[in-house]
There are 6 protein chains.
Amino acid sequence: MTDTIQRPSGRRADALRHVRITRHYTKHAEGSVLVEFGDTKVICTASVAERVPEFLRDRGQGWLTAEYGMLPRATHTRSDREAARGKQTGRTQEIQRLIGRALRSVFDLGRLGPRTLHIDCDVIQADGGTRTASITGAFVAAHDAVAKLLAAGRIEQSPITDYVAAISVGVYESTPVLDLDYDEDSQCDTDMNVVMTGEGGFVEIQGTAEGVPFSRDEMNRLLDLAQSGITQLIQKQKEALGA
Amino acid sequence: MTDTIQRPSGRRADALRHVRITRHYTKHAEGSVLVEFGDTKVICTASVAERVPEFLRDRGQGWLTAEYGMLPRATHTRSDREAARGKQTGRTQEIQRLIGRALRSVFDLGRLGPRTLHIDCDVIQADGGTRTASITGAFVAAHDAVAKLLAAGRIEQSPITDYVAAISVGVYESTPVLDLDYDEDSQCDTDMNVVMTGEGGFVEIQGTAEGVPFSRDEMNRLLDLAQSGITQLIQKQKEALGA
Amino acid sequence: MTDTIQRPSGRRADALRHVRITRHYTKHAEGSVLVEFGDTKVICTASVAERVPEFLRDRGQGWLTAEYGMLPRATHTRSDREAARGKQTGRTQEIQRLIGRALRSVFDLGRLGPRTLHIDCDVIQADGGTRTASITGAFVAAHDAVAKLLAAGRIEQSPITDYVAAISVGVYESTPVLDLDYDEDSQCDTDMNVVMTGEGGFVEIQGTAEGVPFSRDEMNRLLDLAQSGITQLIQKQKEALGA
Amino acid sequence: MTDTIQRPSGRRADALRHVRITRHYTKHAEGSVLVEFGDTKVICTASVAERVPEFLRDRGQGWLTAEYGMLPRATHTRSDREAARGKQTGRTQEIQRLIGRALRSVFDLGRLGPRTLHIDCDVIQADGGTRTASITGAFVAAHDAVAKLLAAGRIEQSPITDYVAAISVGVYESTPVLDLDYDEDSQCDTDMNVVMTGEGGFVEIQGTAEGVPFSRDEMNRLLDLAQSGITQLIQKQKEALGA
Amino acid sequence: MTDTIQRPSGRRADALRHVRITRHYTKHAEGSVLVEFGDTKVICTASVAERVPEFLRDRGQGWLTAEYGMLPRATHTRSDREAARGKQTGRTQEIQRLIGRALRSVFDLGRLGPRTLHIDCDVIQADGGTRTASITGAFVAAHDAVAKLLAAGRIEQSPITDYVAAISVGVYESTPVLDLDYDEDSQCDTDMNVVMTGEGGFVEIQGTAEGVPFSRDEMNRLLDLAQSGITQLIQKQKEALGA
Amino acid sequence: MTDTIQRPSGRRADALRHVRITRHYTKHAEGSVLVEFGDTKVICTASVAERVPEFLRDRGQGWLTAEYGMLPRATHTRSDREAARGKQTGRTQEIQRLIGRALRSVFDLGRLGPRTLHIDCDVIQADGGTRTASITGAFVAAHDAVAKLLAAGRIEQSPITDYVAAISVGVYESTPVLDLDYDEDSQCDTDMNVVMTGEGGFVEIQGTAEGVPFSRDEMNRLLDLAQSGITQLIQKQKEALGA
């Protein structure tokens, strides 16, 4: 059935865009990845700092936090630069909080020791799904940063307990479809972002009806799609990491 | 089965807290409601302004937007006042965006005409579930404001197309439970906020695994609970409105 | 003579509005009071923090500071939320500085020990006189917080040295009147806020001629009225405290 | 009696500091005055702008507003530059609001026409009494700006209806004293700022007990002193203006 | 002589790093260039907006303005994200003002018509010379944006009057060297940024002695080097543009 | 040749404006200078603080930093007050960074010990050349502050290693001219600010073509003029310091 609709992208309802994960994309960061979901391109870096936020002082454990940004002309029309406006939008804050929670769900922060892993996800070209691409790429960047800590003997055991990736799903002309690009996203009634682990557990589900509310049945079909998409994304992560 | 666990609150797994909706709580706003979910108390007001944001200029339609705040000592320990810090936290922005989306899902903004409905949800006492109480109370405040516009002949047809309410659910000691208070929320592995309409459609689902990821099966049981809770909340709204 | 004018409120020139002080209004704060001067309603909380500001570090004494806010729709027309605008207005800062000075005038901060009493006054409904209601209610909240410190043995002697309350007076159609509500305030030539102690000393006098400057004689009559009003308010505080 | 105490400044209890008003101090402003109260030196400028704030749009009347600042090293120890901190302190806002109210009390804004008079008071050296010196000097600057408007035929009648000046008084070692310098101010129990017109009316009285509350009798003696001081200041203004 | 020193980079004193200009780097902007000076990589986009700033309203001419940013981990150690800190550093503002001036020097803004060209230079990897790379790349992006306006018939004549590029020079161990990378920059006594046109005119010279002041003779030799470097850069621009 | 043009100011092409340096201008600062370049008047203070910025903690050396501001009506038309707008402009930040670098070029910060010299340059009247007057005056203020530290035995050896001063030059109607006032500055094609030491070394050169780019030959003639001007300014500094 999902084959019969014509998505704007021309993809099958259950098809991801072309996904590419390029490691070592920039040279300074402990982990640096360019992740591409079709025309959506995000630079994800992981930086190690030998300190923890105030609320974790003297607890012996570490922290992982994320920030998100978009180049002003990553989008169809130029957006104001947040640094020039002097504050981050609510959307930016919502996304960076999501990225942080997603990554922390597969981190044993005790094993990280008293240090902070800063994740930066900067969108250089946007075509829908920037938050899901960010999570998927950031995991690989974080993995590389952890590998450096292990190789340098600064930690003994990896704090990473599982894989984690994210994908969007939506209802386009009554049909659930996987991995929305910008055109599809703006025409979908429902938009859902799903974060899952390698073990298949749900870390986060954020579904929003943009127009008509969605039914329990639609939701089940969306989750089926998301699960299949995330399985493929984690496979891509493993290939990128040579795991 | 849900009867066998002992929730911190002593409630049954599928029991809401005592819910109370007091209309006409303050005197200036077009709609003003005190909503109480147990010890969580939120003042929700709806204010009508005869103008629309720039992006809707000359479109003939209206807008609904929401803001959220907490009195500094609404919580166990005093939080910084956001006005004094000079900015709203990411959490605040996330919640007020959610409230706005939830309410707009049952508004036909064309019928509202070129005016804005400002929803303000201010928590005077917090004990978990402030965002779900806010949505549930804000709907009633918005309904009162719309009634005034209708009574004054400023609009001809109500822009409200359905009821909308919200509730939290979570997994406490492996058992799905309804309407988490603060103590339960901090001990739950999974926390999910669900927004639904009177027709039973989903408007928003936000589920987060705080510790162990959750399974598809747990999610289904959480949604069952949420649906039953929201049905009761909408009944409360109807009673409050004398509908 | 003062009986012959017709105030907008219908009150006698020397009559206070109905004053109500409700203790234990919210549950988390060490002191929590709802104070009502007629339709003006303010939640005043007192919170104890076991630290002092930098400038008092290692001095062995405590500090008391106040913050003030208004819910956006506490007023006739909705005001911008200060947290969203990113800064407090000059009016807000002026009021919260006044509240702090007023309370500190009856506190022996040495006896408080190295801790801070945070006073929060949040107006949920405004009808004139929010700053005087705030001071009057905040004293009771502070008293309750101090009582808890004494009961817990955290301080040995109360730092409170006297009562303190505040009232507004103004010149309405050439006649001095007590406790202005919003309608009266906007029609008065002179507006004066007076803060006094239980002993009858002046802590603060702030008089402003909105239109015609006021004479020495008018001022004397305004102060007479204020003294009588504050005597009644302190009586209300005593009753509320069961003193 | 007032002769018997020894003020830190060596002045008699009822003596002003040496007051100097220098007009045309800087060359660009329509009115520019250096006012000196002893070692307190403030540059007061009045600038005319051919527009009014939004809330006065199309009302045909004008506006007068004031801003206040201190050079960082106007004080004994260097203060943070407000422009660098990114916000004005509560004290600054309180003072500039006071200056604006004081000047507006002697302005008929209808006669000013649809333009704004911007008053800027910048303290280049502070030794107590900066707000009273500011008001006293700003009046002269405003007068010069108005004279230019009259001379150019841009207004027909002066909007200035009276003189206005301000002075501080305080209780030093139980004795009321006039025009406190910094040393005296920090040792006074009570500090009162008084703004009066040439006609002898009170525009503003702001009295604060820093330590012991003050009595009605002390207040009366403070106001006597203030009246005599302001009479002298207005004489200085007249001399400076050649009136 | 310049051949005898050993630069940290191993380059000859008068050698540029490998320079690469990639057009059409991202897909949304009217002009989008990745410019690389060795390991320094900057995305430069040019965006056309059909409006002008307030100060040019109704003048019939256009405007060109530039913004600059760095990804937080473009550098050796992670820098704070300016959007999160809520303001741009002085360095950022200085650089973006420089880029704007440099580009405007070769623009006839009257020919651009009432529109704004927004230049965004975002450093994704920094290794010294980010501002000179930005100017050099931004020119090409601006050229592409102008070509689109010409092709679409929105302007009749190109507003671009000449080429413009920029390079840094410095004194390393007493020898003037061209195009400093990060290691060299931090060891140089003098650092000079030079902006020149295709015609060979100077648009901007900014030379700073980091340690020992520089002499007139050194300056002359630095300018010789800069001129030769810029000639090569403009050749690269021409090749990239197929001119 | 330079005699043949008619500058707006009537000065010879190589003539400085009347320069006046008044020490001990305000009483609190360790160094306080009023510097006048014709109608440009800047108050420069140097303040000593017994602490260093975080990045110099425990290095044993000191720091010198500068801030710059303009009174709102120092200029022809009133500018917004930066403190009220809540941020410094890019121009302000650029200038204060320049002043800091210029002064540090003649300071041996090791000899200053673990303290900070805060330079504040506040323009009370602007007529072009405010940054060059600031640097020239700030040197004298810093010298006075250092003299106090030496006299008090808080440092043993002066950290000042040379004189430093600054001047602007420009091309007016094809002729290089010295020390531009506001009228000249706005009509010049090229504007260059030059900072030099007493030894004749260049500390900073910032040249900008406002219209037509400038040639190597023009630049040489500008530097000749600047050198002669700075020689005179340093002579003025010496006279002011009685050196």
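No experiment lies behind these values; they were computed from the predicted model shown.

Conventions and cut-offs
Residues numbered from 1 in each chain as written. Chains lettered and ligands numbered in written order. Predicted model: local features only at pLDDT ≥ 70, side-chain atom pairs only at ≥ 80, totals over all residues. Heavy atoms only, no water. Helix = DSSP H or I, 4+ residues; strand = E, 2+ residues; numbered from the N terminus. Contact = heavy atoms within 4.5 Å. Least-squares fit on C-alpha atoms with pLDDT ≥ 70 in both. Polar contact = N/O pair within 3.5 Å; in protein donor to acceptor, adjacent residues only side chain to side chain. Phe/Tyr/Trp six-rings, centres within 6.5 Å; stacked < 30°, edge-to-face > 60°. Buried < 20%, exposed > 50% of the residue type's maximum accessible area, 1.4 Å probe, protein only. Lys NZ or Arg CZ within 6 Å of the ring centre and 35° of its normal. UniProt positions renumbered as here; feature names shortened; annotations may be inferred. Buried area = accessible area lost by both parts, 1.4 Å probe. Salt bridge = Lys/Arg side-chain N within 4 Å of Asp/Glu carboxyl O. Nonpolar A, V, L, I, M, F, W, Y, C, P; charged D, E, K, R; others polar. Pairing = 2+ DSSP bridges. Axes fitted to C-alpha atoms, helices over the stretch in contact; angles between N-to-C directions. Parallel < 35°, antiparallel > 145°, perpendicular 65-115°, else oblique. Left-handed = near helix turned anticlockwise from the far one by under 90°. Expected span 1.5 Å × (residues − 1).

Re the side chain of Gln237(C)
- Following the sequence through the fold, Gln237(C) ends up in helix α6 (residues 216-241).
- With sequence-adjacent residues up to four places away left out, Gln237(C) is seen in contact with Ile21(C), Thr136(C), Phe139(C), Val140(C), Tyr163(C), Val164(C) and Ala165(C).

Topic: the relation of the copies chain D and chain F
- For the pair chain D and chain F, the relating rotation is 180°, the translation along its axis is 0.0 Å, and the fit reaches an RMSD of 0.0 Å. These values place the two chain copies in the arrangement generated by a two-fold rotation axis.

Overview of the environment of Thr197(B)
- Within the element layout of this structure, Thr197(B) appears in strand β8 (residues 190-197).
- Setting aside anything within four residues of it in sequence, one finds Thr197(B) in contact with Pro213(A), Val106(B), Asp162(B), Tyr163(B), Val164(B), Val203(B) and Ile234(B).
- Among the polar contacts listed, one links the side chain of Thr197(B) to the side chain of Asp162(B), at a separation of 3.5 Å.

What about the packing of aromatic side chains?
- This structure, assessed with the given rule, holds 18 aromatic pairs over all chains.
- A ring pair is formed by Phe55(C) and Trp63(C), whose centres lie 5.2 Å apart and whose planes are at 85°; its orientation type is edge-to-face.
- Ring geometry for Phe139(E) versus Tyr163(E): centroids 5.2 Å apart, planes at 45°, classification tilted. Note that Phe139(E) is positioned in helix α4 (residues 130-151) and Tyr163(E) in the loop between α4 and β6 (164-172), a separation of 24 residues in sequence. As far as the burial class goes, Phe139(E) and Tyr163(E) line up, both buried.
- Above the ring of Tyr163(A), the side-chain terminus of Lys238(A) is found at 5.1 Å from the ring centroid.

Remarks on unusual backbone geometry
Residue and element names in this part refer to chain C.
- In this structure, His24 is a non-glycine residue whose phi angle is positive, near 55°.
- Among the structural elements, His24 can be located in the loop between β1 (19-23) and β2 (31-37).
- One non-glycine residue with positive phi stands out, namely Asp58, at about 65°.
- Within the element layout of this structure, Asp58 appears in the loop between β3 (40-49) and β4 (63-70).

Here we look at the relation of the copies chain C and chain B
- Between chain C and chain B, which share one sequence, the superposing operator has a rotation angle of 180° and an axial displacement of 0.0 Å; the RMSD is 0.0 Å.
- Both copies share a contact surface, since 100% of the interface residues of chain C are interface residues in chain B too.

A short note on the UniProt feature "binding site: phosphate" (unreviewed entry) in chain A
Residue and element names in this part refer to chain A.
- Within the UniProt annotation, "binding site: phosphate" (unreviewed entry) is assigned to Arg91, Gly129, Thr130 and Arg131. These residues run over 41 residues, yet every pair of their C-alpha atoms falls within 13.3 Å of each other.
- Along the chain, Arg91 turns up in helix α2 (residues 90-104).
- Exposure remark for Arg91: the relative accessible area of 28% places this residue in the partly exposed category.
- Here Thr130 lies in helix α4 (residues 130-151).
- When its relative accessible area of 7% is taken as the criterion, Thr130 is described as buried.
- Excluding anything up to four places from it in sequence, Thr130 contacts Thr40, Val42, Tyr68, Arg91 and Val123.

Some thoughts on the interface of chain D and chain F
- Across the boundary between the two partners, chain D contributes 37 residues, which contact 37 residues of chain F.
- Where chain D abuts chain F, roughly 2,900 Å² becomes buried across the two surfaces, and 48% of that area is made up of carbon and sulfur atoms.
- The largest per-residue losses of area from chain D upon contact with chain F belong to His28(D), Arg73(D) and Arg81(D), which jointly make up 26% of the total buried on that side.
- Between Asp39(D) and Lys27(F) there is a salt bridge whose closest N-O contact spans 2.7 Å.
- Run the count over chain D and chain F and you get 23 residue pairs in polar contact (both at pLDDT 80 or more).
- Elements with a contribution of two residues or more to the side of chain D that touches chain F: β3 (40-49), β4 (63-70), α1 (82-85) and β5 (116-125) of chain D.
- The element best represented in the side of chain D that touches chain F is β5(D), accounting for six residues.

Concerning the interface of chain C and chain B
- Tallying the contact residues gives 37 residues for chain C and 37 residues for chain B.
- It is His28(C), Arg73(C) and Arg81(C) in chain C that bury the most area against chain B; as a group they hold 26% of the surface buried on that side.
- For the pair chain C and chain B, the number of links is 14 salt bridges.
- Note that Glu30(C) is salt-bridged to Arg73(B), the shortest N-O span being 2.6 Å.
- In this assembly, chain C and chain B are joined by 23 residue pairs in polar contact (both at pLDDT 80 or more).
- Counting residues per element, the ones that place at least two in the side of chain C that touches chain B are β3, β4, α1 (82-85) and β5 (116-125) of chain C.
- Across the side of chain C that touches chain B, the residue classes break down as 14 nonpolar, 11 polar and 12 charged.

Side note on the pairing of strand β7 (residues 175-178) of chain F
Residue and element names in this part refer to chain F.
- Alternating positions in β7 separate into two faces, Thr175 and Val177 on one and Pro176 and Leu178 on the other, with burial throughout.
- As paired elements, strand β6 (residues 164-172) and β7 share four bridges and run antiparallel to each other. Among the inter-strand pairings, Val171 is bridged to a residue of β7, identified as Pro176.
- Between β6 and the antiparallel strand that follows it, β7, lie two residues; Glu173 among them carries a positive phi value of about 45°.

Brief notes about the packing of α4(E) against helix α6 (residues 216-241) of chain E
Residues and elements named next belong to chain E.
- For the pair α4 and α6, interaxial distance at closest approach is 10 Å and the crossing angle is 30°. Relative to α6, the element α4 is oriented roughly parallel. As for how α4 packs across α6, the hand of that crossing is right-handed. Here α4 contributes Thr136, Phe139, Val140, His143 and Asp144 to the contact with α6, which in turn contributes Leu233, Gln237 and Leu241.

So, the sheet that holds β2(C)
Residue and element names in this part refer to chain C.
- The strand order across the open sheet built from five strands is β1-β2-β3-β5-β4, with neighbouring strands paired in mixed fashion. The sheet is open, and its two borders are formed by β1 and β4, each paired with just one other strand. Strand-to-strand, the axes of this sheet are offset by a mean angle of 15°, without reference to chain direction.
- Pairing geometry for β4 and β5, over eight bridges, is parallel. Pairing of Trp63 across the sheet is with Thr116, part of β5.

Some thoughts on the pattern of salt bridges
- Evaluated as defined, the whole model comprises 144 salt bridges over all chains.
- A salt bridge links Glu204(D) to Arg101(D); its shortest N-O distance comes to 2.6 Å. Of the two residues, Glu204(D) sits in strand β9 (residues 202-209) while Arg101(D) sits in helix α2 (residues 90-104), which places them 103 residues apart along the sequence. Arg101(D) carries the same exposure label as Glu204(D), and that label is buried.
- Of the charged contacts, one joins Arg216(F) and Asp224(E) as a salt bridge, the two residues approaching to 3.0 Å between their closest N and O atoms. Remark: Asp224(E) occurs in helix α6 and Arg216(F) occurs in helix α6 (residues 216-241); the pair is interchain, linking two chains.
- Asp224(E) gets classed as partly exposed once you look at its relative accessible area, which sits at 42%.
- Because the salt bridges share partners, they merge into one network encompassing Arg7(A), Arg11(A), Arg17(A), Asp179(A), Asp181(A) and Glu184(A).

Topic: helix α2 (residues 90-104) of chain C
All names here are of chain C.
- Under the 1.5 Å per step criterion, the end-to-end length of α2 is 21 Å for 15 residues, consistent within 8% with the ideal 21 Å.
- Extensive coverage of α2 is indicated by the burial of 11 of its 15 residues.
- Of the positions making up α2, those classed as buried are Gly90, Thr92, Gln93, Glu94, Ile95, Gln96, Leu98, Ile99, Gly100, Ala102 and Leu103.

Observations concerning the UniProt feature "domain: Exoribonuclease phosphorolytic" (unreviewed entry) in chain A
Residue and element names in this part refer to chain A.
- In this structure's numbering, the residues bearing the UniProt feature "domain: Exoribonuclease phosphorolytic" (unreviewed entry) are residues 16-145 and 162-228.
- With 30% helix and 31% strand, residues 16-145 has its two end C-alpha atoms placed 27 Å apart.
- When the span residues 162-228 is considered, its composition is 28% helix and 43% strand, and the gap between its end C-alpha atoms is 17 Å.

A few points about the side chain of Thr136(A)
- Tracing the chain through its elements places Thr136(A) in helix α4.
- Beyond its immediate stretch of four places on either side in the chain, Thr136(A) contacts Phe37(A), Ala165(A), Ala166(A), Leu233(A) and Gln237(A).

Notes on the environment of Gln88(A)
Residue and element names in this part refer to chain A.
- Turning to its location among the elements, Gln88 is positioned in the loop between α1 (82-85) and α2.
- Exposure remark for Gln88: the relative accessible area of 9% places this residue in the buried category.
- Separated by 49 residues in the primary sequence, Gln88 and Gly137 place their C-alpha atoms 22 Å from one another.
- There is a polar contact of 3.2 Å between the side chain of Gln88 and the side chain of Gln96.

Some details on the pairing of strand β5 (residues 116-125) of chain B
All names here are of chain B.
- Counting buried positions along β5 gives 10 out of 10 residues, so the element sits mostly inside the fold.
- Direction of pairing for strand β3 (residues 40-49) relative to β5: antiparallel, over a ladder of nine bridges. From the neighbouring strand, Ser47 faces β5, where its bridge partner is His118.

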